[in-house]
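# What the coordinates show
Next come the chains, spelled out residue by residue.
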Protein chains: 2
Amino acid sequence: MSTEAATAAARRSKITPERETELYDAVLRLLREGGYDSVTMEGVAARTKCGKATLYRQWGTKPQLVTAALAQRRCVVFAGIDTGTLAGDLREAARIAASHRERDAELMEAVAQAFIQHPDLRAALRETVIAPEVAALDAVLARAVERGELDADNPAIGFVAPCFMGMLRIERLFEERFADASTMRTFVDAVLLPALRVEG
Amino acid sequence: MSTEAATAAARRSKITPERETELYDAVLRLLREGGYDSVTMEGVAARTKCGKATLYRQWGTKPQLVTAALAQRRCVVFAGIDTGTLAGDLREAARIAASHRERDAELMEAVAQAFIQHPDLRAALRETVIAPEVAALDAVLARAVERGELDADNPAIGFVAPCFMGMLRIERLFEERFADASTMRTFVDAVLLPALRVEG
């Protein structure tokens, strides 16, 4: 988009979907480059030739703008998993989680930092980033219960999503050696399936 | 310690253990109050009436000073657990982990932030804070193998420490509802013991 076109778009009170995507891309680029602290309304305005007033009018605050950018971009990585067996589904989730982390490590890092540093962002990130992933894993488990593979009263069910996310979150504690695809697969086979009393 | 005594102590090239403890306390207080970024050599010097030159000479850099302060203060929370059974030991670890977090939440928060933000601190924190806890949990598992309670080849063994730390680290992702004592206990009973093929 040319500078003139961008300025004209910024003047419109109604932002087009293309323009919105462009703004969100700028936010995510800033996040990757320098973390949450480096994202400012001024910086986004300057990069996108968008008026600051427009940003404030449309998104209110920086946490809201960042959350909207993450929500739009993010596909729920665990959505759509359905291999026909619980073991297959959890192994697929392990594979996807590991490959997703490799693909956009800088963004994941920036989000993790922002989450821990900014309480004002936590509720929004829980809703837009975490809850959909938990819901997708819960759907995998619900289907296994329906198929009769998994006992609905198994007390491990409520720990599958937290254990999964915990394993992804501790990788750095242990010199990044826990969230690769083969370790996550072993984790599913050695910990989750036995706890769920499901044979691989 | 009076100001004169402190100034005199700071002038000594050899720092007394009491003085060292006082300096470390000041570092940890700054960490709790404002996080890692708020700890500066200047700030520690001012609070303790210690010469900046002494701080630099004795500790070299801020990451080294912070790590030394954490290492001295920290007792390994999982050390000394020995109830006689693996189930008892892991439940004790769950109880201790939950109560420890409650006791010094600000410091834990500051350390978690520093860990994620400062790659230069990670290796030191792994060595002083994480490795001793992992070693203590590994000792619990080794004793269970010796007693014949646990199969030495069980593939879940290597995941006990990471799962434990993962559960503690994700509490904030889920509105702080995962690392309390009763949830950690259920986690041990519902996930770890079945994965280890050990009866509670």
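With an unreviewed UniProt entry as reference, chain A is termed AcrR family transcriptional regulator, source organism Streptomyces nymphaeiformis.

Here we come to the UniProt feature "DNA-binding region" (unreviewed entry) in chain A. When the UniProt feature table is mapped onto this chain, "DNA-binding region" (unreviewed entry) is found at residues 40-59 of chain A. Here residues 40-59 of chain A runs as 80% helix and 0% strand, with 13 Å between its end C-alpha atoms.

Residues and elements named next belong to chain A. Tallied over the entire structure, the rule returns eight aromatic pairs over all chains. Centre to centre, the rings of Phe164 and Phe187 are 6.3 Å apart; their planes meet at 80°, and the pair counts as edge-to-face. Taken together, the residues Phe164 in helix H9 (residues 160-169) and Phe187 in helix H10 (residues 181-195) connect sequence positions 23 residues apart. Across the pair, exposure class does not vary: Phe164 and Phe187 are buried alike.

On to the interface of chain B and chain A, then. Contacts between the two partners involve 36 residues from chain B and, on the opposite side, 36 residues from chain A. The junction of chain B with chain A conceals about 3300 Å² of combined surface from both sides, 74% of it contributed by carbon and sulfur atoms. Counting across the interface, chain B meets chain A through zero salt bridges. Counting across the chain B and chain A interface gives zero residue pairs in polar contact (both at pLDDT 80 or more).

This part takes up helix H3 (residues 41-48) of chain A. Buried within H3 of chain A we find Met41, Val44, Ala45 and Thr48 of chain A. On an axial view of H3 of chain A, the arc spanned by its buried residues comes to 100°, and they lie on one face.

Rotating chain B by 180° and moving it 0.0 Å along the rotation axis overlays it on chain A with an RMSD of 0.0 Å. Both copies of the chain, as the preceding transformation shows, are related through a two-fold rotation axis. In terms of proximity to the rotation axis, the leading residue of chain B is Gly166 of chain B, whose C-alpha is 1.9 Å off the axis. Residue by residue, 100% of the interface of chain B is reproduced at the interface of chain A, so both copies engage with the same surface.

Reading the values: rules and limits
Residues numbered from 1 in each chain as written. Chains lettered and ligands numbered in written order. Predicted model: local features only at pLDDT ≥ 70, side-chain atom pairs only at ≥ 80, totals over all residues. Heavy atoms only, no water. UniProt positions renumbered as here; feature names shortened; annotations may be inferred. Helix = DSSP H or I, 4+ residues; strand = E, 2+ residues; numbered from the N terminus. Phe/Tyr/Trp six-rings, centres within 6.5 Å; stacked < 30°, edge-to-face > 60°. Buried < 20%, exposed > 50% of the residue type's maximum accessible area, 1.4 Å probe, protein only. Contact = heavy atoms within 4.5 Å. Buried area = accessible area lost by both parts, 1.4 Å probe. Salt bridge = Lys/Arg side-chain N within 4 Å of Asp/Glu carboxyl O. Polar contact = N/O pair within 3.5 Å; in protein donor to acceptor, adjacent residues only side chain to side chain. Arc of directions from axis to C-beta. Least-squares fit on C-alpha atoms with pLDDT ≥ 70 in both.

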